[in-house]
Amino acid sequence: VYATEYTSAGYVFCIPDIRYEPGHPAKSAYDCIMCGTDHVLDILPNVDSNRMALQGQSWGGYQTAQLVTMTDRYAAAMAGAPVANMFSAYGGIRWGSGRSRMSQYEHGQSRIGGTPWEYPVRYIENSPIFFVDKINTPVLIMHNDSDTAVPWYQGIEFFVALRRLGKPAWFLNYNGEPHWPLKRQNRQEFNIMMAQFFDYYLKGEAMPVWMERCVPAIEKGINQGYELINR
């Protein structure tokens with residue numbers, strides 16, 4: 001859906017392949033995505049290198065959160081359900097199955113290669129939370145409070161750290177929704193907000209109300225703040 005929607009709106013849409021070196025998922029993602037970006041710019045000279053963005057969900061959300069700590073190359077980024085702190089995530093469980101998350105970090109998708117006691121530096125190097133002070137990219141985060149795959153406190157840790165350091169950041173939470181919104185109205189709202197976020201930073205369009213003042217809890221579901229601010 002995103003590919004057709006965004007290309008129809010004038011964007012170039014690229015999904016890079018990533019080859020992982022065990023123990024170094026962050027560096028692996030960085031190397032492959034930088035190489036992929038260079039290739040896109042080489043073969044498509046009309047792409048504006050100053051108006052590029054990153055977007056990812058779940059593991060892709062983690063990689064997005066990690067990359068903006070490593071480069072200022074992108075004008076905006078959207079991270080969905082990201083793991084921000086591999087230390088705290090390691091000690092959690094997957095709320096849906098009740099299984100420990102440890103194996104995921106040791107030898108599963110995160111590919112750290114061992115425990116935090118064996119490789120503490122690897123857990124730090126691959127956790128965006130420890131490098132939030134390096135972020136200069138505006139970040140939109142979505143993490144829902146009934147996520148059974150990635151505990152939503154991971155998104156909260158990332159967001160609170162960004163705001164504490166005065167970074168431009170927004171947090172979307174759809175109450176009662178899992179890892180990805182299932183209700184049609186929530187999916188529609190998320191698509192609208194992400195498009196407005198990218199249009200503002202990449203296309204120079206007007207800022208929507210929700211980005212300027214956010215949506216207070218008492219207005220949730222009543223006033224979405226989609227209106228554009230024309231100055």
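Everything here concerns the structure above.
A. Summary view of helix α2 (residues 25-43). An ideal rise of 1.5 Å per residue puts 27 Å on 19 residues; α2 measures up with 27 Å between its terminal C-alpha atoms. Buried within α2 are the following residues: Pro25, Ala26, Ser28, Ala29, Cys32, Ile33, Met34, Thr37 and Val40.

B. Spotlight on the environment of asparagine 175. Relative to the assigned elements, asparagine 175 resides in the loop between β4 (169-172) and α8 (184-203). Along the chain, asparagine 175 and arginine 101 lie 74 residues apart, while their C-alpha atoms are 23 Å from each other. Reaching out from asparagine 175, the side chain makes a polar contact with the side chain of aspartate 145 at a distance of 2.8 Å.

C. The arrangement of helix α3 (residues 59-67) in detail. Among the 9 residues in α3, 8 count as buried, and that is most of the element. Listed as buried for α3 are Trp59, Gly61, Tyr62, Gln63, Thr64, Ala65, Gln66 and Leu67. The inward-facing, buried residues of α3 contact α2, β1 (53-57), β2 (76-80), α4 (86-90), α6 (120-125) and α7 (153-164).

D. Quick peek at the packing of aromatic side chains. Counted by the stated rule, this structure contains 16 aromatic pairs. Ring centres of phenylalanine 87 and tyrosine 123 lie 5.7 Å apart, and the angle between their planes is 40°; this geometry places the pair in the tilted category. Of this pair, phenylalanine 87 sits in helix α4 while tyrosine 123 sits in helix α6, and the two are 36 residues apart along the sequence. When its relative accessible area of 29% is taken as the criterion, phenylalanine 87 is described as partly exposed. Judged by its relative accessible area of 0%, tyrosine 123 falls in the buried class. Both rings, one in tryptophan 152 and one in phenylalanine 171, keep their centres 6.4 Å apart while their planes meet at 45°; by these two values the pair is tilted. Here the residue tryptophan 152 occupies a position in the loop between β3 (139-142) and α7, and phenylalanine 171 occupies one in strand β4, the gap between them amounting to 19 residues. Feature note: the residues Tyr6, Tyr11, Trp170, Phe197, Phe198, Tyr200 and Tyr201 constitute an aromatic cluster, connected by ring pairs. Over the aromatic face of tyrosine 20 sits the side chain of arginine 111, whose NZ or CZ is 4.0 Å from the ring centroid.

E. Local environment of the pattern of salt bridges. Taken as a whole, this structure holds 6 salt bridges when the rule is applied. Across the pair arginine 51 and aspartate 48 runs a salt bridge, and its minimum N-O distance is 3.4 Å. Residue class for arginine 51 comes out partly exposed when judged on its relative accessible area of 41%. Where arginine 213 meets glutamate 219, a salt bridge forms, and the shortest distance between an N and an O atom there is 3.0 Å. What makes arginine 213 partly exposed here is its relative accessible area of 40%.

Here is what the cut-offs are and how they apply
Residues numbered from 1 in each chain as written. Predicted model: local features only at pLDDT ≥ 70, side-chain atom pairs only at ≥ 80, totals over all residues. Heavy atoms only, no water. Helix = DSSP H or I, 4+ residues; strand = E, 2+ residues; numbered from the N terminus. Expected span 1.5 Å × (residues − 1). Buried < 20%, exposed > 50% of the residue type's maximum accessible area, 1.4 Å probe, protein only. Polar contact = N/O pair within 3.5 Å; in protein donor to acceptor, adjacent residues only side chain to side chain. Contact = heavy atoms within 4.5 Å. Phe/Tyr/Trp six-rings, centres within 6.5 Å; stacked < 30°, edge-to-face > 60°. Lys NZ or Arg CZ within 6 Å of the ring centre and 35° of its normal. Salt bridge = Lys/Arg side-chain N within 4 Å of Asp/Glu carboxyl O.

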